[in-house]
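Descriptive analysis of the structure
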Amino acid sequence: MTRRLLPWLALAAVVVVTLAIVVWPSGGKPSAAERARSIGSELRCPDCESQSIAQSSTETARAARADIRQRIAAGQSDADIRQAYIDKFGDSILLKPESSGLGILVWGLPAAALVLGGGGLVLALRRWRREPHLHATDADRELVQQARPVR
Amino acid sequence: MKHRARWIALSAGAVVVVLAIVLATQVGTDPRADANKSHLLGQTAPAYDLPTLDGGRVRSSDLAGKVVIVNFWNSWCIPCQQEHPALTEFFRRHAGDPGFAMVGIVRDDTDSAVRSYVTDEGVPYTVALDPGAQASLDFGTRGQPETYAISPDGVIAGTQFGPSSVTNLEQMYAAARGQR
């Protein structure tokens, strides 16, 4: 029983360790500059295509970076700052889709597909394992002998 | 076992159906439509205090009580050049109205290029510069030309992304005066 469970336990350990490394927050509290960079990288530059406010060198992007820094200094939370930009420019200012409303489908569907696929794989593996292992009986061997052409 | 497989198949089917419904309802909609309109319509217009090309200043507080047309433009933008005759004609129609003001805010351009454009083409209304692009950001502009009609009580009553015609300038003006 323990030997059968061992691969599954090893797999679970790999999943847990990977998730811990990826999801675990690194370092302590982010500095104001790190927060400004992070928020700027999530917001689309208003007057250029597919570049973030953090990356773009347009005047408006520079003004937005200064504005984000001022808002952080004024004590606004990251969510407040993001919302202020959504209120001004609409949802399209976000480079990543929101995790609510229709946007949840973008995040949810791959996860649902992963869970369903994984579930299907587990079921298939279990079914294959339960299939009986057949061994040739004497009667089977005799049948084969009879079917073989005589030399 | 059979039931479990059925449930998995049903869940997968549900995911496919949800995806199909979402795709079907979104076909033909422009994912960037949100970017082609102002989200400040009906809201209080941002305050501004900007230097003008002639060395003065233009402040939103000084224009309170008037219908104000704010046009974001620059000298190198072709649609801005195309709409210039309409803006000029519209301004001439209303220039005598003491309850009307028009400000062209330059976005993303150099002073010298703007000065030379104004000399060559003639811009009869106030031209303001936007150093640091703060006004451009506050109005939520995504480019130029963009035009905003502000009511006497300071609310954005009309917006136009892209070149304006005299007709839609008049419509925005009427909306800002409360004569929809």
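Since the model is a prediction, treat every value here as computed from it, not as a measurement.

With that settled, consider the packing of helix H3 (residues 59-73) of chain A against helix H4 (residues 78-89) of chain A. All names here are of chain A. The N-to-C vectors of H3 and H4 enclose an angle of 135 degrees; their axes lie 10 Å apart at closest approach. One element, H3, and the other, H4, form an angle in the oblique class. Note that H3 runs across H4; the crossing there is right-handed. On H4, the residues touching Ala 64, Asp 67, Ile 68, Arg 71 and Ile 72 of H3 are Ile 81, Ala 84, Tyr 85 and Lys 88. Its residues placed into classes, the contact of H3 with H4 shows six nonpolar, no polar and three charged.

Close inspection of predicted coordinates is inappropriate in any region flagged by low pLDDT. Confidence in the prediction of chain B, expressed as mean pLDDT, is 91, and 94% of residues score 70 or more. Confidence estimates for the predicted assembly give a pTM of 0.72 and an ipTM of 0.78.

The next point concerns the packing of aromatic side chains. Residue and element names in this part refer to chain B. Counted under the stated rule, the structure contains 11 aromatic pairs over all chains. Pairing Phe 90 with Phe 100 gives two aromatic rings, centres 5.7 Å apart and planes at 80 degrees, and the pair type is edge-to-face. With Phe 90 in helix H2 (residues 78-94) and Phe 100 in strand E4 (residues 100-106), this residue pair connects regions lying 10 residues apart in the sequence. Seen in terms of ring centroids, Phe 90 and Tyr 173 are 5.8 Å apart; in terms of plane orientation they differ by 80 degrees. Their pairing is edge-to-face. Taken together, the residues Phe 90 in helix H2 and Tyr 173 in helix H5 (residues 166-176) connect sequence positions 83 residues apart. In this structure, Phe 90 and Tyr 173 share a single accessibility class: buried. Three or more aromatic residues joined by ring pairs form one cluster here, namely Phe 90, Phe 91, Phe 100, Tyr 125 and Tyr 173.

This part covers the nonpolar core. Residues and elements named next belong to chain B. Trp 73, Met 102 and Val 127 are the most contacted members of the largest nonpolar core, which has 26 residues in total. Taken together, the elements giving at least two residues each to this core come down to strand E3 (67-73), H2, E4, helix H3 (111-121) and H5. Per-element accounting of this core gives the leading share, five residues, to H5. In this structure Val 127 touches Thr 52, Leu 53, Trp 73, Gly 104, Val 106, Val 114 and Val 118, once residues within four positions along its chain are discounted.

Take the side chain of Thr 88 of chain B next. All names here are of chain B. By the secondary structure assignment, Thr 88 is in helix H2. Residue class for Thr 88 comes out buried when judged on its relative accessible area of 11%. Here His 84 takes part through its backbone oxygen, which lies 2.8 Å from a polar atom of the side chain of Thr 88.

Rules of the game
Residues numbered from 1 in each chain as written. Chains lettered and ligands numbered in written order. Predicted model: local features only at pLDDT ≥ 70, side-chain atom pairs only at ≥ 80, totals over all residues. Heavy atoms only, no water. Axes fitted to C-alpha atoms, helices over the stretch in contact; angles between N-to-C directions. Helix = DSSP H or I, 4+ residues; strand = E, 2+ residues; numbered from the N terminus. Parallel < 35°, antiparallel > 145°, perpendicular 65-115°, else oblique. Left-handed = near helix turned anticlockwise from the far one by under 90°. Contact = heavy atoms within 4.5 Å. Nonpolar A, V, L, I, M, F, W, Y, C, P; charged D, E, K, R; others polar. pLDDT = per-residue confidence, 0-100. Phe/Tyr/Trp six-rings, centres within 6.5 Å; stacked < 30°, edge-to-face > 60°. Buried < 20%, exposed > 50% of the residue type's maximum accessible area, 1.4 Å probe, protein only. Core = buried A, V, L, I, M, F, W, Y, C linked by side-chain atoms within 4.5 Å. Polar contact = N/O pair within 3.5 Å; in protein donor to acceptor, adjacent residues only side chain to side chain.

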